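Chain by chain, the residues run as shown.
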Amino acid sequence: MQRARGSSRRRLRSRARCRAAAPLTAATAVTGVTAATAATAVAAAAEASADNPGGGGAVEGAAGGGTAGGLAEDAAAGNFMRHSNIMVDVGKWPIFTLLSPQEIASIRKACVFGTSANEAIYITHNDEVFAFGLNCSNCLGTGDNQSTIVPKKLEALCGKKISSLSYGSGPHVVLCTEDGEVYAWGHNGYSQLGNGATNQGITPVQVCTNLLIKRVVEVACGSHHSMALSADGDLYAWGYNNCGQVGSGSTANQPTPRRVSNCLQGKMVVAIACGQTSSMAVVNNGEVYGWGYNGNGQLGLGNNGNQLTPCRVAALHGVCILQIVCGYAHTLALSDEGVLYAWGANTYGQLGTGNKSNQLSPVQIMMEKEREENSEKNAFVLLDSYNEMVVEIAACHSAHISAARTQSGQVYMWGQCRGQSVVLPHLTHFSCTDDVFACFATPAVMWRLLSVEHEEFLTVAESLRREFDSPETSDLKFRVEGKYIHVHKAVLKIRCEHFRTMFQSYWNEDMKEVLEIDQFSYPVYRAFLEYLYTDCVDLPPEDAIGLLDLATSYCENRLKKLCQHIIKRGITVENAFSLLSAAVRYDAEDLEEFCFKFCVNHLTDVTQTTAFWQMDGPLLKEFIAKASKCGAFRN
């Protein structure tokens, strides 16, 4: 295996930092855990034996797996970019399209999980907890087995300040609070809820055995087993144990939390991650331990034999690991020098080695940076290749995909990306690893408990929307029907050819601070100007006719189509002939045909409206003639 980059002196400093971090508690050292759900049956067959059940995942607000002591110090020293609190649009996950804008705005943390990404749980700014979705195995914790597209409040968790959340493939869900309490619910066929029974948990119930006296700071779930890490570095595991994933030294299932000891005895664990039926842990000196199923080499021990107790990954000797995450059957680890290591299954190229061969021991993965050499040919070639410092790694049990973010903010992905095998880290246009899973993972689950707490930041589009009709920043006013609308010349010139032409130095309008508009009504003209800032139109069908007139006059074809769409949605028996007249007047052929068909289909009713008898004579004659050809008057 290749050793980490850098001189011997640099590696010595690396080890010194790890040793210096030893007094840190797990609570201060850990910044995250990995997120995941069950993999599909097809994927299971690809990389695991028939008796190796599907996977789970651990989720927390930062990177998957966990981060050992020393990351905060490195960040302060400028060696690492801190895990940025990037605002991620939860709307990228399809299930959240079920929520209203108000509900979306209330979300502080969220997690999408399930074998088809059909379940979700979210926490509001008021620390209320809601769940909605398919509800397989009662995994929503709502007290029944009914699916719901309307979020239901989980009263038992409201106000608990959830800090870490994890789920398995049943699925079952385990979480811990800032007070160190652990709650679990959902599938329990292997006692993965830790309550000593095997009946499903329909509501969140506190896990008490051996944990009441501990303050748990992190939880992680495999397929059907669970782990909990305490603030003092003790690790507990329970549930399914067919491959030794509980670390008890046997293959008997563990019905309640049991402390994992053996090689971890006397060591302080600071980060944990679970594979399908395997477990990984990082201790505070940067050493990595693995146990459980190892058929694909996911424990990194140089062989593919299962381990019933924790075993140190010897190939990483001399390397201080800060973060570890588990994929479906592979593992990623990040060192304090920003070097990425990978091992395990590689059927889809998820290790990023450039091939599809499994790796039984850790190998170093390079982030290759591409630069444009010939813009005229629009061709991209490798100009220089070097290993960029990685600051975050991501993997998810339900998919065979990997992602990483570098110090410069670039996000790479590889593995099974929407069914395509990408065998080398591919540079994306994303700004965070979460987007990789929203857009390319199958299913589109979240790999961590997503936090939407962020600093005040507005996108360009949001900033433009906010500044529409703002007297503080505008440099131009329109007066329509005695009312003012405040705008910005630059925006109008960029967005509209009509204004680009108007605001020329030889036009009088270019010198004016107030422009009078008398051709259109105030609602119509305001809606037009707002459209230039927002790309949206919000008008009733009757006013949309006036906006259609404006769009025709200003040659705004896209706006014209939007107006026609609004009019179509608002057509009724009472206004059908008025809308038909407007469509003819403004040469909107598609709308004209739509209104005509509506009138013919509702001929008896529309001919009794006032609008029908007020229609212009020539237009009325044309309508009657055209309707006759369609057979409207046969009866």
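This one's a predicted model, so the numbers in the text were calculated from it and none came from an experiment.

Comments concerning the overall build of the protein
Move 1: Along the backbone of the protein there are 17 helices and 31 strands.
Move 2: In the protein, which comprises 635 residues, the proportion classed as buried is 55%.
Move 3: Residue pairs in contact within the protein that sit at least 24 positions apart in sequence constitute 58% of those at least 6 positions apart.
Move 4: Accessible area of the protein: about 26,600 Å², with a carbon and sulfur share of 50%.

Thoughts on the sheet that holds strand β4 (residues 129-133)
Move 1: Ordered by their spatial adjacency, five strands build an open sheet running β5-β4-β3-β2-β28, and the pairing between neighbours is antiparallel. At either margin of the open sheet sits one strand with a lone partner, and together these are β5 (148-153) and β28 (450-451).
Move 2: In terms of strand pairing, strand β2 (residues 107-113) meets β28 through two bridges, oriented antiparallel. Bridge pairing in β28 places A110 opposite L450.

Re the pattern of salt bridges
Move 1: Tallied over the full model, the rule gives 20 salt bridges.
Move 2: Among the ionic pairs, K92 bridges to D435, the shortest N-O distance being 2.8 Å. On the criterion of sequence distance, the pair formed by K92 in the loop between α4 (71-76) and α5 (101-105) and D435 in helix α6 (residues 433-440) is long-range, its members being 343 residues apart.
Move 3: E287 serves as the salt-bridge partner of K267, at 3.7 Å between the closest nitrogen and oxygen. Pair noted here: K267 is in the loop between β13 (254-259) and β14 (269-274) and E287 is in the loop between β15 (278-283) and β16 (288-292), with a separation of 20 residues, a long-range link.
Move 4: Its relative accessible area of 29% is what places K267 among the partly exposed residues.
Move 5: Look at the salt bridges and you will find they share partners, linking K214, D232, D234 and R259 into a network.

As for the nonpolar core
Move 1: Counting 67 residues, the largest nonpolar core has W93, F96 and F437 as the members making the most contacts within it.
Move 2: Aside from chain neighbours lying at most four places away, what touches F437 is A394, A395, C396, I401, A403, A444, V445 and W447.
Move 3: Among the nonpolar cores identified, the runner-up in size contains 60 residues, and C496, V524, F528 and V606 belong to it.

Here we look at the environment of A582
Move 1: Counting through the fold element by element, A582 comes out in helix α13 (residues 576-585).
Move 2: The class of A582 is buried, set by a relative accessible area of 1%.
Move 3: It is 9.9 Å that separates the C-alpha atoms of A582 and E542, two residues lying 40 residues apart in sequence.

Considering a nonpolar patch on the surface
Move 1: Taken together, the side chains of L98, I149 and V150 make up a nonpolar region of the molecular surface, amounting to roughly 300 Å² of accessible area.
Move 2: Position of I149 relative to the elements: it lies in strand β5.
Move 3: Overall, the relative accessible area of 60% leaves I149 in the exposed class.

Quick word on the confidence of the model for the protein
Move 1: When pLDDT is averaged along the protein, the result is 83; 82% of the residues meet or exceed 70.
Move 2: Within the model, pLDDT remains below 50 along residues 1-85, and this stretch shows 295 contacts once partners closer than five positions in the same chain are excluded.
Move 3: Per-residue pLDDT stays below 50 along residues 370-386; that stretch engages in 19 contacts with residues further than four places along the chain or on separate chains.

Some thoughts on the packing of α13 against helix α14 (residues 589-601)
Move 1: Two numbers describe how α13 lies on α14: the axes approach to 8 Å, and their chain directions differ by 155 degrees. One element, α13, and the other, α14, form an angle in the roughly antiparallel class. Of the two possible hands of crossing, α13 and α14 adopt the one that is left-handed. Contacts between α13 and α14 involve A576, F577, L579, L580, A583 and V584 on the former and, on the latter, L591, E592, C595, F596, F598 and C599.
Move 2: In the contact of α13 with α14, the residues fall into 11 nonpolar, no polar and one charged.

As for the sheet that holds strand β24 (residues 390-395)
Move 1: Spatially, the four strands line up as an open sheet ordered β24-β25-β26-β27, and their pairing is antiparallel. One side of each edge strand has no neighbouring strand; the edge strands of this open sheet are β24 and β27 (420-427). Going across the sheet, the axis of each strand differs from the next one's by a mean of 10 degrees, ignoring polarity.
Move 2: Pairing analysis gives five bridges linking strand β26 (residues 411-417) to β27, with the strands arranged antiparallel. Its bridge partner being in β27, Q416 is matched across the sheet by S421.
Move 3: Here α6 sits on the sheet in contact with β24, β25 (401-406) and β26, set at roughly 150 degrees to β25.

Criteria and cut-off values
Residues numbered from 1 in each chain as written. Predicted model: local features only at pLDDT ≥ 70, side-chain atom pairs only at ≥ 80, totals over all residues. Heavy atoms only, no water. Helix = DSSP H or I, 4+ residues; strand = E, 2+ residues; numbered from the N terminus. Buried < 20%, exposed > 50% of the residue type's maximum accessible area, 1.4 Å probe, protein only. Contact = heavy atoms within 4.5 Å. Areas by Shrake-Rupley, 256 points an atom, 1.4 Å probe, with all protein chains shown as cover. Pairing = 2+ DSSP bridges. Salt bridge = Lys/Arg side-chain N within 4 Å of Asp/Glu carboxyl O. Core = buried A, V, L, I, M, F, W, Y, C linked by side-chain atoms within 4.5 Å. Patch = residues over 30% accessible without salt bridge, like charges linked within 9 Å, V, L, I, M, F, W, Y side chains within 5 Å. pLDDT = per-residue confidence, 0-100. Axes fitted to C-alpha atoms, helices over the stretch in contact; angles between N-to-C directions. Parallel < 35°, antiparallel > 145°, perpendicular 65-115°, else oblique. Left-handed = near helix turned anticlockwise from the far one by under 90°. Nonpolar A, V, L, I, M, F, W, Y, C, P; charged D, E, K, R; others polar.

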